[in-house]
Amino acid sequence: MTQDKGVGNNVRILAGLCLLASFAGCAFGQYDGDLTATKRIFPGVGPGLRAVKRGVDGNYYVLASPGSSASVFDPAGKLIRRVPAYGDSKEPSPQSPQLAAITFGEDLDVDVQGTVYVADRGANAIKIWDTKGNARMFKIDAPVSVASLPDGEVAVATMREQHLVIVFDKTGRDVREFGDPEPISDRPELNRFLNIGMLVTDGGGHLYYAFPYLPEATVRQYDRYGYGGQDIQYTGVDAWPAAQATRKEIARQEQRGEPPVFKRILTAVGVERSSGEVWMALGDKLLHFDKDGNRRATYLIYTPEGARLEANTILIDKDHLIIGSDPLGIYEFVRPDKKTP
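What comes next is a walk through the structure. (Residues numbered from 1 in each chain as written. Predicted model: local features only at pLDDT ≥ 70, side-chain atom pairs only at ≥ 80, totals over all residues. Heavy atoms only, no water.)

1. Observations regarding the sheet that holds strand S4 (residues 60-64)
Then, number 1: The strand order across the open sheet formed by four strands is S3-S4-S5-S6, and the pairing between neighbours is antiparallel. Bordering the open sheet on either side are strand S3 (49-54) and strand S6 (79-83), each of which pairs with just one other strand. For this sheet, the mean angle separating the axes of adjacent strands, direction not counted, is 20 degrees.
Then, number 2: Where S4 and strand S5 (residues 70-73) come together, three bridges link them in antiparallel fashion. Across the sheet, residue Val62 finds its bridge partner in S5, namely Ser71. (Pairing = 2+ DSSP bridges. Helix = DSSP H or I, 4+ residues; strand = E, 2+ residues; numbered from the N terminus. Axes fitted to C-alpha atoms, helices over the stretch in contact; angles between N-to-C directions.)

Spelled out as structure tokens, the structure:
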């Protein structure tokens, strides 16, 4: 009987060691390689970087704050204009002085007609400039992200509204709201802060809401009318320490009752327009998911000089990734999923 117990203990110890080895393999072998930028682009852009988008005209639209305007670069990287550009004598002055500049822009998008939308948190407004020089705006409290939708509609994420997403038509009328905040905290102000989001769209009419502050990095897919699709979530073993630390900090801040202050877990998100595949950044870690939410690869990202790149913007081009960091700047990467064997 004693011998049998010893054998059983040995088996349990061996099983435990195997389990630990399995976890160690997950924790230390989760990277599919390093991803190093080929070059820095738009070298004048760095501190305060907020957004990089590409229009159907092939130009890149870049927002940095503080700054009174967004910058438009051609594919070769040459600055060709600013939005708004009312200091230029060719541009008519807007009727509203508030439309003459951006106060503090948090996000930017550009639609297929070349109309530029800016979430101006400093002005509590969405400001809109089209290619004909027309300007308009509508008020909304503390906008943090914006995404253009078909038919002139625009989706907005804020810091304080009851729902995650508010959709406005081209006249600035609130036409629908959707998305309930995740119940992470019992303190309403804290819970709403933890549900602040970033908006991205694809070419199939889907809207993606990324949650930067949830303990587990999460991107939720909706159609343009607010019907929910899937959640794409990263719950790898190596993500546990940060998730647990965030949950402890949530509990601590619930007790203290102070204004919420958290470090972002998910720092950037990009969606390939043609396929709906999602790329998300957790600081200097870049994760690639297919359209069904399966993780395909994980990389550590670096500048050409070998410095870790903490991403806060991701743009998916056909053959390249454009990844930005505040304050290091904007870098171009060869897409690892497009490399020839």
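2. Digging into the sheet that holds strand S23 (residues 313-316)
Then, number 1: The strand order across the open sheet built from four strands is S2-S25-S24-S23, with neighbouring strands paired in antiparallel fashion. With one partner strand each, in any of the chains shown, strand S2 (39-41) and S23 form the two edges of the open sheet. The mean inter-strand angle of the sheet, taken between neighbouring strand axes irrespective of direction, is 30 degrees.
Then, number 2: Judged from the three bridges that link them, S2 and strand S25 (residues 329-334) form a sheet pairing that is antiparallel. Among the inter-strand pairings, Arg40 is bridged to a residue of S25, identified as Tyr331.

3. Quick look at the environment of Gly77
Then, number 1: Along the chain, the position of Gly77 falls in the loop between S5 and S6.
Then, number 2: Judged by its relative accessible area of 28%, Gly77 is partly exposed.
Then, number 3: For the pair formed by Gly77 and Asn59, sequence separation is 18 residues and the distance between their alpha carbons is 8.7 Å. (Buried < 20%, exposed > 50% of the residue type's maximum accessible area, 1.4 Å probe, protein only.)

4. What to know about helix H3 (residues 240-256)
Then, number 1: The terminal C-alpha atoms of H3 lie 24 Å apart, and with 17 residues this matches the ideal 24 Å at 1.5 Å per residue to within 8%.
Then, number 2: Where H3 is concerned, the buried positions are Ala243, Thr246, Ile250 and Gln253. Looking straight down H3, one finds its buried side chains confined to an arc of 90 degrees; they lie on one side. H3 presents Pro241, Lys248 and Gln255 as exposed residues on the side facing more than 90 degrees away from its buried surface. (Expected span 1.5 Å × (residues − 1). Arc of directions from axis to C-beta.)

5. A look at the nonpolar core
Then, number 1: Membership of the largest hydrophobic core comes to 22 residues, with the highest contact counts inside it found for Ala155, Val165, Leu199, Leu207, Tyr209 and Phe262.
Then, number 2: If you list the elements that add at least two residues to this core, you get strand S11 (143-148), strand S12 (154-158), strand S13 (165-168), helix H2 (188-194) and strand S16 (206-211).
Then, number 3: Aside from chain neighbours lying at most four places away, what touches Leu207 is Ala147, Leu149, Ala155, Val165, Phe178, Leu199, Val200, Thr201, Arg220, Gln221 and Tyr222. (Core = buried A, V, L, I, M, F, W, Y, C linked by side-chain atoms within 4.5 Å. Contact = heavy atoms within 4.5 Å.)

6. Thoughts on the pattern of salt bridges
Then, number 1: Under the criterion given, the structure shown has 23 salt bridges.
Then, number 2: Ionic pairing is found between Arg296 and Glu277, a salt bridge with its closest N-O pair at 2.9 Å. Of this pair, Arg296 sits in strand S22 (residues 295-302) while Glu277 sits in the loop between strand S19 (268-271) and strand S20 (278-282); the two residues are 19 residues apart in sequence, bridging distant segments of the chain.
Then, number 3: According to the relative accessible area criterion, Arg296 is partly exposed, its value standing at 44%.
Then, number 4: Residue Asp284 pairs with Arg308 through a salt bridge whose shortest N-O separation is 2.5 Å. (Salt bridge = Lys/Arg side-chain N within 4 Å of Asp/Glu carboxyl O.)

7. Notes on the pairing of S6
Then, number 1: Strand direction decides the pairing type here: S5 and S6, joined by four bridges, are antiparallel. When the sheet's bridge partners are listed, Phe73 is paired in S6 with Leu79.
Then, number 2: Where S5 folds back onto S6 in an antiparallel hairpin, the turn is made up of five residues, including Gly77, whose phi is positive at roughly 95 degrees.

These values are about where atoms sit, not about what they do.
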